[in-house]
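# Architecture at a glance
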Amino acid sequence: MRHQYDIAIHRPGERAERQETTINEAATVLSVNTTTIRRLIANGTLPATQPCRGAPWIIKQW
């Protein structure tokens, strides 16, 4: 499928290169739980994107 749609394989460290973080990583940095991060995303306080429903949230590092 990756070949058919020309999707690059995952490279370790590529998220860090793009300065992106996960919900879990953001929660650790902010010393809160993941529910709080999800709430901040939902109300627009913490900007994040989700490429499609069910995909992980992408949070740009601040």
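Everything below is about the structure printed above this text.
A brief structural summary. If you're wondering where the values come from, they're calculated on a predicted model, not measured in any experiment.

Reading the values: rules and limits
- Residues numbered from 1 in each chain as written.
- Predicted model: local features only at pLDDT ≥ 70, side-chain atom pairs only at ≥ 80, totals over all residues.
- Heavy atoms only, no water.
- Helix = DSSP H or I, 4+ residues; strand = E, 2+ residues; numbered from the N terminus.
- Buried < 20%, exposed > 50% of the residue type's maximum accessible area, 1.4 Å probe, protein only.
- Salt bridge = Lys/Arg side-chain N within 4 Å of Asp/Glu carboxyl O.
- Patch = residues over 30% accessible without salt bridge, like charges linked within 9 Å, V, L, I, M, F, W, Y side chains within 5 Å.
- Areas by Shrake-Rupley, 256 points an atom, 1.4 Å probe, with all protein chains shown as cover.
- Axes fitted to C-alpha atoms, helices over the stretch in contact; angles between N-to-C directions.
- Parallel < 35°, antiparallel > 145°, perpendicular 65-115°, else oblique.
- Contact = heavy atoms within 4.5 Å.
- Nonpolar A, V, L, I, M, F, W, Y, C, P; charged D, E, K, R; others polar.
- Arc of directions from axis to C-beta.

### Some thoughts on the side chain of Glu 20
Looking at where Glu 20 falls in the secondary structure, it is placed in strand β1 (residues 20-21). For Glu 20, a relative accessible area of 11% puts it in the buried group.

### Brief notes about the pattern of salt bridges
Using the criterion set out here, one finds three salt bridges in the structure. Taking the shortest distance from any N to any O, the salt bridge between Arg 11 and Glu 17 comes out at 3.1 Å. Here Glu 17 falls in the exposed class, since its relative accessible area comes to 55%. A cluster of three or more residues bridged by salt bridges with shared partners is formed by Glu 14, Arg 18 and Glu 20.

### Thoughts on a nonpolar patch on the surface
Taken together, the side chains of Met 1, Tyr 5 and Ile 7 define a hydrophobic patch exposed on the protein surface, amounting to about 400 Å² of accessible area. Looking at where Ile 7 falls in the secondary structure, it is placed in the loop between α1 (2-5) and α2 (14-17).

### Topic: the environment of His 10
Within the secondary structure, His 10 is located in the loop between α1 and α2. Sequence-wise, His 10 and Thr 28 are 18 residues apart; in three dimensions their C-alpha atoms are separated by 24 Å.

### Focus: the packing of helix α3 (residues 23-30) against helix α4 (residues 34-42)
Two elements in contact, α3 and α4, have axes whose closest approach is 8 Å; the angle formed by their N-to-C orientations is 105°. The orientation of α3 with respect to α4, classified from their angle, is roughly perpendicular. Facing α3, whose interface residues are Ile 23, Asn 24, Ala 26, Ala 27 and Leu 30, α4 presents Thr 34, Ile 37, Arg 38 and Ile 41. Of the residues in the contact of α3 with α4, the class split is six nonpolar, two polar and one charged.

### Here's the deal with α3
Within the sequence span of α3, burial applies to Ile 23, Ala 26 and Ala 27. For α3, the arc enclosing every buried residue in end-on projection is 100°, short of the 170-degree limit, so these residues lie on one face. Pointing more than 90 degrees away from the buried face of α3 are the exposed residues Asn 24, Thr 28 and Val 29. Buried residues along α3 sit in contact with β1, α4 and β2 (59-60). In the stretch just after α3, Ser 31 is the one whose phi turns positive, near 55°.

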